[in-house]
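Take a look at the letters that make up each chain.
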Amino acid sequence: MSQVIFEHVYKSFDGNTYAVNDMHVQIEDGEFVSFLGPSGCGKTTSLRMIAGFMNPTKGKIYIGDRVVSDPEHGTLLPPETRRIGMVFQSYAVWPHMNVFKNVAYPLKIQKVSRTDIQKRVRLALEMVHLEGMETRFPHQLSGGQQQRVALARALVMEPEVLLLDEPLSNLDAKLREKMRFEIKELQSRIHVTVIYVTHDQAEAMAMSDRIVVMNKGVTHQIGSPRQIYETPADDFVAGFIGLTNFMKCEIIDQHRVRLPNGAEIEPAVATDQQGEALLSVRPEKIYLVKNGGDLQGTVKRRTYLGNVLDYLVDVDGTDIRVSSEPHIIFNEGDTVGLDIKRCVVFNMK
Ligand SMILES: Nc1ncnc2c1ncn2[C@@H]1O[C@H](COP(=O)(O)OP(=O)(O)OP(=O)(O)O)[C@@H](O)[C@H]1O
Ligand SMILES: [Mg+2]
């Protein structure tokens, strides 16, 4: 087990723009941390820098108490000395090798003895519940089983840090969910530090101790799933994690804001801003009422989703999403009040 530290790390490919821009985070021993953000935000680049497949332009990376990357002082330890295991986005198991040979491959490269290879491969396959499948070829395995071969191949090196780059993206929804639990369970069994890359916010929420939310190379927030969902650092995080409604408001004081229709409400977190601001309200934090409410609107659309009813309400020309208990029923065309139960405010940009 090992901690991983990014100390003001930058990566530029073209000398002008940063694919990773001042990454600064300490990942603790045994922690499960996800890098989450839209395509191109720098997730894979960050992971490859930990692995040593790519060098930072500036800054330091530590694994355990060792500096593994520090370009300014000429330290760039090669990947094979970093004690990391990595699973790539496409599962990259070798089709012409059976399960045993796939998993044994990295040990063979390192010239580990035959008996040790036998022992370690058996252990790694046990960890991912693939014992008995040694002689099967990848085309004789399901997608989830192939994914577990890739995991076993990363684990066979007895890594201190496991780096997983969108490892479930090729699997169907049901299997993805099952594998989430398997990976979590595996982590708690073998006590390894995991850094997990995904652009799927539900996956990051379900698995992580903490999430690093990134956009265009910049870290927007580092926090637990609850912190990120309930107190997003800015409008990017609020909009990227889950659904939210944005509307303009005016700050009255630290604890009160005024909506365009004159209604006054209290944000969940006191604000030190002044003037115009952006209000963010989650759909499940708006209650529809027959009379009154902070805002008034007309039901434009109602969708039955089983566990909730999803409403689209027109409030003075703006569409507001509301998700409510399935037994509180309003019809399309109804005039409704919207009670805002919880909101946060951000700077206008
Ligand atoms: N070898 C490279 N040479 C030049 N630019 C690169 C290279 N690798 C990545 N980039 C650029 O760096 C940025 C970050 O890429 P990265 O692969 O880290 O994104 P990502 O967050 O993993 O995205 P995705 O979710 O699509 O996998 C992108 O703009 C990408 O085009
Ligand atoms: Mg990527």
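Residues numbered from 1 in each chain as written. Chains lettered and ligands numbered in written order. Predicted model: local features only at pLDDT ≥ 70, side-chain atom pairs only at ≥ 80, totals over all residues. Heavy atoms only, no water.

K.L.:
How should I be thinking about the overall build of the chain in this particular structure?
P.N.:
The helix and strand inventory of the chain stands at 8 helices and 21 strands. C-alpha extents for the chain along the principal axes are approximately 75 × 50 × 35 Å. Taking contacts inside the chain between residues at least 6 apart in sequence as the whole, the part at least 24 apart equals 64%. Looking at the chain as shown, the accessible area adds up to about 17,000 Å², and 49% of this sits on carbon and sulfur atoms. Computed over 40 positive and 44 negative side-chain charges, the inter-centroid distance for the chain is 8 Å. (Helix = DSSP H or I, 4+ residues; strand = E, 2+ residues; numbered from the N terminus. Contact = heavy atoms within 4.5 Å. Areas by Shrake-Rupley, 256 points an atom, 1.4 Å probe, with all protein chains shown as cover. Lys, Arg positive; Asp, Glu negative; His and termini not counted. Charge placed at Lys NZ, Arg CZ, Asp CG, Glu CD.)

K.L.:
Mind showing me how you'd approach the sheet that holds strand β15 (residues 276–281) here?
P.N.:
Sheets are built from strands that pair by backbone hydrogen bonding, the pairs being arranged parallel or antiparallel. The strand order across the open sheet built from 5 strands is β14-β13-β12-β15-β21, with neighbouring strands paired in antiparallel fashion. With partners counted over all chains shown, the strands left at the sheet margins are β14 (264–265) and β21 (344–347), one partner each. Bridge analysis of strand β13 (residues 256–258) against β14 gives 2 bridges, and the strand direction is antiparallel. Within β14, the position partnered with V257 by the bridge is I265. (Pairing = 2+ DSSP bridges.)

K.L.:
Explain the site of ligand 1 here, please?
P.N.:
Taken together, F13, A19, S39, G40, C41, G42, K43, T44, T45, Q89 and E166 make up the full set of residues adjacent to ligand 1. G40 places a main-chain nitrogen or oxygen 2.7 Å from an oxygen atom of ligand 1. When the free accessible area of ligand 1 is taken as 640 Å², the share hidden by the protein chains comes to 57%. Grouping the amino acids of the shell around ligand 1 by side-chain chemistry returns 3 nonpolar, 6 polar and 2 charged. (Near = heavy atom within 4 Å. Polar contact = N/O pair within 3.5 Å; in protein donor to acceptor, adjacent residues only side chain to side chain. Nonpolar A, V, L, I, M, F, W, Y, C, P; charged D, E, K, R; others polar.)

K.L.:
What am I meant to see in the sheet that holds strand β19 (residues 318–324) here?
P.N.:
The strand order β16-β20-β17-β18-β19 describes an open sheet built from 5 strands, whose pairing is antiparallel. Edge positions in the open sheet fall to β16 (286–289) and β19, since each of these has one partner strand only. Strand-to-strand twist across the sheet, computed as the mean angle between neighbouring axes with direction ignored, equals 45°. Bridging between strand β17 (residues 295–304) and strand β18 (residues 309–315) involves 6 bridges; their strand directions are antiparallel. Directly across from R301, in β18, lies its bridge partner L312. (Axes fitted to C-alpha atoms, helices over the stretch in contact; angles between N-to-C directions.)

K.L.:
Any chance you could explain helix α5 (residues 173–190) here in plain terms?
P.N.:
Residues spaced three or four apart along an α-helix point in a common direction, a consequence of the helix completing one turn every 3.6 residues. When the terminal C-alpha atoms of α5 are compared, their 26 Å separation across 18 residues agrees well with the 26 Å that a helix rising 1.5 Å per residue should span. Restricting attention to buried positions, one finds in α5 the residues R176, M179, R180, I183, L186 and Q187. In an axial view of α5, the angular spread of the buried residues amounts to 140°, which keeps them on one side of the axis. Across from the buried face of α5, at angles greater than 90 degrees, the exposed residues are K174 and F181. (Expected span 1.5 Å × (residues − 1). Buried < 20%, exposed > 50% of the residue type's maximum accessible area, 1.4 Å probe, protein only. Arc of directions from axis to C-beta.)

K.L.:
Help me out: how do you make sense of helix α4 (residues 143–155) in this one?
P.N.:
Across its 13 residues, α4 extends 18 Å between first and last C-alpha, which sits within 8% of the 18 Å expected from 1.5 Å per residue. Extensive coverage of α4 is indicated by the burial of 12 of its 13 residues. Taken together, the buried positions of α4 are occupied by G144, Q145, Q146, Q147, R148, V149, A150, L151, A152, R153, A154 and L155. Where α4 is buried, its residues touch β7 (84–87), α2 (99–109), α3 (114–127), β8 (161–165) and α5.

K.L.:
I would appreciate a short explanation of the packing of α2 against α4 in the present structure.
P.N.:
In a pair of packed helices, the angle between the axes and the distance between the axes together describe the arrangement. Look at α2 against α4: their axes get within 7 Å of each other, and the N-to-C directions meet at 30°. Judged on the interaxial angle alone, α4 and α2 are roughly parallel. The element α2 and its partner α4 pack so that their crossing is right-handed. Note on element contacts: α4 touches α2 through V149, A152 and R153, opposite V99, N102, V103 and P106. Tallied by class, the residues present in the contact of α2 with α4 amount to 5 nonpolar, 1 polar and 1 charged. (Parallel < 35°, antiparallel > 145°, perpendicular 65-115°, else oblique. Left-handed = near helix turned anticlockwise from the far one by under 90°.)

K.L.:
When you look at the packing of aromatic side chains in this model, what are you seeing that I'm missing?
P.N.:
The geometry of an aromatic ring pair is captured by two quantities: the separation of the ring centres and the angle between the planes. Across all of its chains, the model carries 7 aromatic pairs by this definition. Plain terms: the ring middles of F32 and Y196 are 5.6 Å apart, the flat faces sit at 35° to each other, and that makes the pair tilted. Of this pair, F32 sits in strand β3 (residues 32–36) while Y196 sits in strand β9 (residues 193–198), placing them 164 residues apart in sequence. This pair shows no difference in class: F32 is buried, exactly as Y196 is. Judged by centre distance (5.6 Å) and plane angle (15°), the rings of F236 and F240 are stacked. Of this pair, F236 and F240 both sit in helix α8 (residues 235–240), 4 residues apart, which is roughly one turn of that helix. Since its relative accessible area comes to 19%, F236 is described here as buried. The aromatic ring of W94 is capped on one face by R153, whose charged end is 4.3 Å from the ring centroid. Of note, R282 hangs over the ring of Y229, and the distance from its end group to the ring centre comes to 3.9 Å. (Phe/Tyr/Trp six-rings, centres within 6.5 Å; stacked < 30°, edge-to-face > 60°. Lys NZ or Arg CZ within 6 Å of the ring centre and 35° of its normal.)

K.L.:
Can you walk me through the pattern of salt bridges in this structure?
P.N.:
In a structure, side chains of opposite charge can pair up when their charged atoms sit close to one another. If you walk through the whole model with that rule in mind, you get 17 salt bridges. Where D116 meets K119, a salt bridge forms, and the shortest distance between an N and an O atom there is 3.9 Å. Here D116 and its partner K119 are both found in helix α3, 3 residues apart, which amounts to about one turn of the helix. D116 gets classed as partly exposed once you look at its relative accessible area, which sits at 33%. For K119, a relative accessible area of 46% gives the class partly exposed. Residues joined by salt bridges that share partners form a network here, namely E250, D253, R256, R258 and E264. (Salt bridge = Lys/Arg side-chain N within 4 Å of Asp/Glu carboxyl O.)

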